[in-house]
Amino acid sequence: MARKMESAIKIEGLTKEYLNRTTGKMVRAVDDLHLEVYRGEIFGFLGPNGAGKTTTIKMLLGLIFPTKGDAWIFGKPIGDVGVKRQIAYLPESPYFYEYLTGRQVLDFYARLFGIPASERKKKVDALLDTVGLSRDGDKTLRNYSKGMLQRIGIAQALINDPELLFLDEPTSGLDPMARIEIRDLIIRLKQQGKTVFLSSHQLLEVELICDRVSILNRGKLLKAGKLDELLPSGRVEIVAENVSDDGVIAKIRDAGGIVQRQDGRIVVQQPDDASVNRVVDIIRSANGTIRSLIPQRRTLEELFVSTIEEVEKK
Amino acid sequence: MTAVTAIAYNTVREALSRRVVLLFLFGALVLIILSPLFSFLSPREELTLLKSLGLGVIQLASMFICIVMGISLIPAEIERRTIYTVLSKPVQRYEFVLGKFLGGILTMLFNILFTVVAWRATPKQALDLWKGFMMIFFQMSILVSLAIFFSVFLTPFVNFFMSLGVYIVGTLSSVTESLMKGENRTVIQKGIGAVLHYLLPQFGNFNIQNKIIHPETRIINEGVYYIQNIGYAILYIAVLLIIAVIIFDRREV
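Just so it is clear, the structure is predicted and the values come from calculations on it, not from any experiment.

## Considering the overall build of chain B
Each helix and strand counted, chain B has 12 helices and zero strands in total. Each helix and strand of chain B, ordered N terminal to C terminal, gives the series α-α-α-α-α-α-α-α-α-α-α-α. Evaluated residue by residue, chain B yields a buried proportion of 41% over its 253 residues. Nonlocal contacts in chain B, meaning residues at least 24 apart in sequence, comprise 81% of its contacts between residues at least 6 apart.

Next comes the structure, spelled out in structure tokens:
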């Protein structure tokens, strides 16, 4: 547990302003962002297009520079070249040297880490195998499909066996099977103790694999936290049979339930956990049969949409 | 240094896969094809013409390749976004610039050597020509560093004309010198002449074709002349690359 709470990324007041050349005005792409990502977790970094996600990642990698604020990766200030030995980056729609083969491009990235030639070959072969490109390793990248380029992008991100991975839309352009493979790969990375900073529009995937998420809009952080906390299971749906008496239904309504009659059954929507037992007691005391009792969790998609809409209305 | 060599190697590989290099090879091929046609001339005339033609073609093609290649070495990486995956690795920005420069001059060296071999100018037959090639190599190395220097803050389009312009003015170092030292010049003219003469690279000093072509002309203190100019080239390149790195270090990609 102690390891889990150790900070992998710490961001304090990170701000990035650009000059919009068309309007001549300064635009805040990232606005006073405070965030902490812990070691060993999969952190979902969500937001609509233009929210500032990629800008934040690029600042963390030292590709662009913050206007204000600070950030640290494994305790080292951003831009520290030494820390880059421990991290990896998969850009959104990655571009690589198209005149190189898959094998050559991985060899090039391995050289940047100073990996000796004897290890490089083994490593490249293993990575091509991991991302399912063993057969296509000797084709030049100009002959790769978008999905294959995405796979080679993931392979290059794993070349240094990183501790922290920044993945920007890692399943973009992949078919459903490949998406599942990449999802499984991310889960395996977490199991190996790696930290994954995942920027994605695939909310279902994020919900399935992330420990914590944050939602960013127009550069501002709107929400951040564990999925369980952000998506509370407040509402409960109860389906019961043999309950037709109006008096019983009135009692359920008095207990806060919203009742619908459907084909001889009743479907009760209870807004919170607290009154569920009372409703169950009312039904059973009237000789009714409980068919199902299902907690209705909000989906991440619902949370995302409502969070963004709420801010946009303001 | 492993990052520098990896980037340099990759730059050579990329350059050799580009069509622009074919131009160089085409030049070499033209020379090879044309060589036998000069056999009707007297041996001395033939040699003079071949030397002149060979050095001229190599210099012109080298200049063109250096500028076209040099202006795009860094901007192409930014435009294609390949730089993201390179600079997110443990690569210092100065290593990136240095790797690109080394890759550029190695490509040029490869092309010069290929042309020379194709031209059959073996050291035994023409030592003077090898001296000429050496000076072209250092002249072009300055040009590559100049194009890289401009590329960190100018667009490739503007850079093309800037690099070409500086090369032309720098080749005319005798003109800038006479502008600087001429007796009937105004102070402003002398000032402009001095700035151009000392600030711009003196490409003209590397042009020794005339001395090679005409055996009756000789360079006085030849060894000193080469050492001075090669030293000048190395120093000039170092200064240009240091300034380029300082600017590139602050540049967002």
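## Some details on the packing of helix 1 (residues 2-16) of chain B against helix 6 (residues 93-119) of chain B
Residue and element names in this part refer to chain B. Running from N to C, helix 1 and helix 6 cross one another at 45 degrees; their axes reach a closest spacing of 7 Å. Between helix 1 and helix 6, the interaxial angle falls into the category oblique. For the element pair helix 1 and helix 6, the recorded crossing hand is right-handed. From helix 1, A3, V4, I7, A8, N10, T11, V12, A15 and L16 reach across to helix 6, where they touch E95, F96, L98, G99, K100, L102, G103, G104, L106, T107 and F110. For the contact of helix 1 with helix 6, a count of residues per class yields 12 nonpolar, six polar and two charged.

## Focus: the interface of chain A and chain B
Chain A puts 22 residues into the contact, and the matching count from chain B is 20 residues. Here the element with the most residues in the side of chain A that touches chain B is helix 2 (residues 102-112) of chain A; it accounts for four residues. In terms of residue class, the side of chain A that touches chain B is built from 16 nonpolar, three polar and three charged.

## Some words on the confidence of the model for chain A
Across chain A, the average pLDDT comes to 90, with 98% of residues at 70 or higher. Looking over chain A, one finds the lowest element-wise mean pLDDT in helix 7 (residues 227-230) of chain A, namely 83, and the highest in helix 2 of chain A, namely 97.

## What to know about the sheet that holds strand 4 (residues 68-73) of chain A
Residues and elements named next belong to chain A. Ordered in space as 2-1-4-5, the four strands form an open sheet in which the pairing is antiparallel. Every interior strand has two partners, whereas the edge strands, strand 2 (26-38) and strand 5 (76-77), have only one. Relative to the sheet, helix 1 (residues 53-60) contacts strand 1 (7-19), strand 2 and strand 4, its axis offset from that of strand 1 by approximately 115 degrees.

## Here's the deal with the confidence of the model for chain B
Residue-level pLDDT values for chain B average 86, and 89% of them are 70 or greater. Per the prediction output, this complex has pTM 0.86; the corresponding ipTM is 0.86.

## A look at the nonpolar core
F166 and F197 of chain A together with C66 and L143 of chain B are the most contacted members of the largest nonpolar core, which has 124 residues in total. At 14 residues, the largest contribution of residues to this core is made by helix 7 (residues 127-151) of chain B. Other than its neighbours up to four places away in sequence, F197 of chain A contacts I9, V37, F43, F45, L164, L165 and F166 of chain A. Membership of the second largest hydrophobic core comes to 10 residues, among which are V243, V268, I282 and I283 of chain A.

## Brief notes about helix 10 (residues 300-313) of chain A
Residues and elements named next belong to chain A. Given a rise of 1.5 Å per residue, 14 residues ought to cover 20 Å, and the 20 Å separating the end C-alpha atoms of helix 10 matches this to within 8%. Those residues of helix 10 that sit buried are L300, L303 and F304. Axial view of helix 10: buried residues confined to an arc of 100 degrees, hence all on one face. For helix 10, exposure combined with an orientation more than 90 degrees from the buried face picks out E301, E302, S306, E309, E310, E312 and K313. The elements touched by buried residues of helix 10 are strand 3 (42-46), helix 6 (203-209), strand 9 (212-217) and helix 7.

## What to know about the domain arrangement of chain A
The domains assigned to chain A are domain 1 (7-229) and domain 2 (235-296). Between the C-alpha centres of domain 1 of chain A and domain 2 of chain A the distance comes to 47 Å.

## Describing unusual backbone geometry
All names here are of chain A. Located in the positive-phi region is R218, a residue other than glycine, with phi close to 50 degrees. Counting through the fold element by element, R218 comes out in the loop between strand 9 and strand 10 (220-226). Here R218 falls in the partly exposed class, since 18 other C-beta atoms lie within 10 Å of it. You will see that D263, though not glycine, has its phi angle at about 45 degrees, which is positive. Along the chain, the position of D263 falls in the loop between strand 12 (258-262) and strand 13 (265-270). By C-beta crowding, D263 is classed as exposed, having 5 other C-beta atoms within 10 Å.

Criteria and cut-off values
Residue positions are counted from 1 within each chain, in the order its sequence is given. For naming, the first written chain is A and the first written ligand is 1, with later ones following in the order written. With pLDDT at 70 or above as the cut-off, local features in this predicted model cover only qualifying residues; side-chain atom pairs require 80 or more to be listed or tallied, and sums for whole chains, interfaces and linings still use all residues. A run of DSSP states H or I qualifies as a helix once it reaches four residues; a run of E qualifies as a strand once it reaches two. Both are numbered from the N-terminal end. Every C-beta atom is placed from the backbone, and the number of other C-beta atoms within 10 Å of a residue's own sets its class: buried at 20 or more, exposed at 12 or fewer, partly exposed in between. By the convention adopted here, residues are in contact when the distance between their C-beta atoms, placed from the backbone, does not exceed 7 Å. Angular values range over 0 to 180 degrees, each being the angle between N-to-C directions of two axes fitted as lines to C-alpha atoms, with helices fitted over their stretch in contact. Roughly parallel means an angle under 35 degrees; roughly antiparallel means over 145; roughly perpendicular covers 65 to 115; every other angle is labelled oblique. Each crossing gets its handedness from the near helix: less than a right angle anticlockwise from the far helix is left-handed, clockwise is right-handed. For this classification, Asp, Glu, Lys and Arg are treated as charged, while Ala, Val, Leu, Ile, Met, Phe, Trp, Tyr, Cys and Pro are nonpolar and the rest, including Gly, are polar. pLDDT runs from 0 to 100 and stands for how confident the predictor is about each residue. At least two DSSP bridges between two strands are required for those strands to pair. By our criterion, buried Ala, Val, Leu, Ile, Met, Phe, Trp, Tyr and Cys residues that link up through C-beta atoms within 7 Å make up a nonpolar core. To estimate how far a helix should extend, the number of its residues minus one is multiplied by 1.5 Å. Relevant arc is that of directions from the helix axis to the C-beta atoms, nothing else. Domain ranges listed in this record stem from an automatic or a database domain assignment.

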